[in-house]
Amino acid sequence: MTTVAEPRREIREASPVLAFLGRRLLGAVAALIVASLLIFAGTSILPGDAASVVLGRGATPKAVKELDQRLHLDRPLVQQYTSWLGGFVHGDLGDSSVGLAQGQKEAPVWDNISSPVKNSLILALVTAIFMIPLSLGLGVLAAVFAGRAIDHAVSIASLAAIALPEFVIGSLLVGVFFVWLDVLPPVALIPPGDDPLSHPTKLVLPVATLLLASLAAGIRMVRAGMVEVLQTEYVQTARLNGLAERWVLWRYAMRNALAPSVQVLAQNLQWLIGGIIITENVFAYPGIGSTLVTAVGNRDLTLVQSVAMLIAVVYVLLNLVADLLVMLLVPKLREPA
């Protein structure tokens, strides 16, 4: 029979979770506001008039003035910022200055970045599908065989990978798999409109580059957490009670070792977004990284601002999801204070 005390107890148990969610959401909003201010300020303080740079040296003062008006660059900075941020919140990323300079009546930024964003998401998802289980599996393997040959091999390989930047790893992979073995293409040029997954061989080297550069931190954190947990009394007690080693690892050790590793894996995914920008340019992959580099060179401020803000949103969301996973993995965090 349900009593009045049971709903009250459920409310008390839920209150820490709701308070946690509230704090994290407020923190996420604050972080995004700060990011938007930094992004807008960073692009606004660049020397020279953006419209003049986009139109070129031969542009007439009238043409520069018209483009300034279409880009709202003739308004005070505060109005420019609020207009840009308000449009972003409502899904309007504005018009590309390069497109407007080329005589287009409308040049929505989203039309220019929708395909590159899709391509980059595919590259990131494919990498993450391999990165997360490999980080967990190799970290657990190194911890179980701590101090042995397998542990030493995994640790040395991780240190070697983390010491090399993406462009070096990519160049080495091209040298091995294209120049020496001639089994994979050196670039990842995807025809416009094609799904990158329909060209799997072109994804191998970019994905391998991102994997090798991102695995090390996750492996080392999982290993450290597992080694610590495997030495605790309750794990030793479970072993003395005759439980199978596999059951001890997955039922008792993994849950407690994963909590501190979740944040590192989330940071790896965040790093993946930044690493993609470099990797895409190394392999000429038509993603958001290549688009961003081109936009910076063309001084397409609206596109640069929008892409940078989208990256900031992804960073904050990954942090938020990681915090929620930690709360789910650690029951003490859900207990009332």
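Residues numbered from 1 in each chain as written. Predicted model: local features only at pLDDT ≥ 70, side-chain atom pairs only at ≥ 80, totals over all residues. Heavy atoms only, no water.

Attention now moves to the overall build of the protein chain. For the protein chain, the helix and strand inventory stands at 13 helices and zero strands. By the burial criterion, 38% of the 337 residues in the protein chain qualify as buried. For the protein chain, contacts bridging at least 24 residues in sequence account for 72% of all contacts bridging at least 6. Accessible area for the protein chain stands at about 18,800 Å²; split by element, carbon and sulfur atoms hold 67% of it. (Helix = DSSP H or I, 4+ residues; strand = E, 2+ residues; numbered from the N terminus. Buried < 20%, exposed > 50% of the residue type's maximum accessible area, 1.4 Å probe, protein only. Contact = heavy atoms within 4.5 Å. Areas by Shrake-Rupley, 256 points an atom, 1.4 Å probe, with all protein chains shown as cover.)

Our focus in this paragraph is the nonpolar core. Core analysis: the largest hydrophobic core is formed by 27 residues, its most contacted members being L123, L205, V207 and Y285. Secondary structure elements with two or more residues in this core: α6 (109-144), α8 (166-180), α9 (200-230) and α11 (245-282). With eight residues, α9 is the single largest residue contributor to this core. Setting aside anything within four residues of it in sequence, one finds L205 in contact with L173, V174, F177, L184, P185 and F283. Among the nonpolar cores identified, the runner-up in size contains 18 residues, and I39, L93, V304 and M309 belong to it. (Core = buried A, V, L, I, M, F, W, Y, C linked by side-chain atoms within 4.5 Å.)

What follows covers the packing of α8 against α9. Relative placement of two packed helices is described by the angle separating their axes and the distance separating the axes. Two elements in contact, α8 and α9, have axes whose closest approach is 9 Å; the angle formed by their N-to-C orientations is 135°. By the criterion of interaxial angle, the relationship of α8 to α9 is oblique. Note that α8 runs across α9; the crossing there is right-handed. Packed against α8, whose contacting residues are E166, I169, G170, L173, V174 and F177, the element α9 presents L205, A208, T209, L212 and A213 at the interface. Its residues assigned to classes, the contact of α8 with α9 comprises eight nonpolar, two polar and one charged. (Axes fitted to C-alpha atoms, helices over the stretch in contact; angles between N-to-C directions. Parallel < 35°, antiparallel > 145°, perpendicular 65-115°, else oblique. Left-handed = near helix turned anticlockwise from the far one by under 90°. Nonpolar A, V, L, I, M, F, W, Y, C, P; charged D, E, K, R; others polar.)

Now for a nonpolar patch on the surface. On the surface, V176, W180, L181 and V183 cluster together into a nonpolar patch covering about 420 Å² of accessible area. The residue V183 is located in the loop between α8 and α9 in this model. (Patch = residues over 30% accessible without salt bridge, like charges linked within 9 Å, V, L, I, M, F, W, Y side chains within 5 Å. Salt bridge = Lys/Arg side-chain N within 4 Å of Asp/Glu carboxyl O.)

Applying the stated criterion across every chain yields a total of four aromatic pairs. When the ring of Y81 is compared with that of W84, the centres are 6.3 Å apart and the planes differ by 55°; the resulting orientation is tilted. Here Y81 and its partner W84 are both found in helix α4 (residues 77-89), three residues apart, which amounts to about one turn of the helix. Neither Y81 nor W84 differs from the other in exposure class; each is buried. Taken together, a centroid distance of 6.5 Å and an interplanar angle of 45° make the contact between W84 and F88 tilted. (Phe/Tyr/Trp six-rings, centres within 6.5 Å; stacked < 30°, edge-to-face > 60°.)

One non-glycine residue, D182, lies in the positive phi region at around 55°. Within the element layout of this structure, D182 appears in the loop between α8 and α9. A positive phi angle is found at A284, which is not glycine, with a value near 55°. If you trace the backbone, A284 turns up in the loop between α11 and α12 (288-298).

A few words now on the pattern of salt bridges. Within this structure, the stated rule accounts for one salt bridge. The shortest N-O distance in the salt bridge between D151 and R223 comes to 2.8 Å. Of this pair, D151 sits in helix α7 (residues 149-162) while R223 sits in helix α9, placing them 72 residues apart in sequence.

The terminal C-alpha atoms of α8, which comprises 15 residues, lie 20 Å apart, in line with the 21 Å expected from a rise of 1.5 Å per residue. At V174, α8 shows its strongest bend, of approximately 25°. When α8 is considered as a whole, its buried residues turn out to be E166, I169, G170, L173 and V174. Just beyond α8, the residue with positive phi is D182, at close to 55°. (Expected span 1.5 Å × (residues − 1). Bend = angle between axes of the 7 residues up to and from the residue.)

Mapped onto the fold, S115 is located in helix α6. A sequence separation of 78 residues divides S115 from G193, and the C-alpha atoms of the two residues are 7.6 Å apart.

The subject of this paragraph is the environment of A188. Topologically, A188 is positioned in the loop between α8 and α9. A188 sits 18 residues away from P206 along the chain, and the two C-alpha atoms are 7.7 Å apart. A188 has contacts with K202, P206, F283, A284, Y285 and P286, leaving out every residue within four places of it along the chain.

Let us now look at the environment of P165. Mapping P165 onto the fold places it in the loop between α7 and α8. With relative accessibility at 32%, the residue P165 sits in the partly exposed group. Spatially, the C-alpha atoms of P165 and A213 are 7.0 Å apart, while their sequence positions differ by 48 residues.

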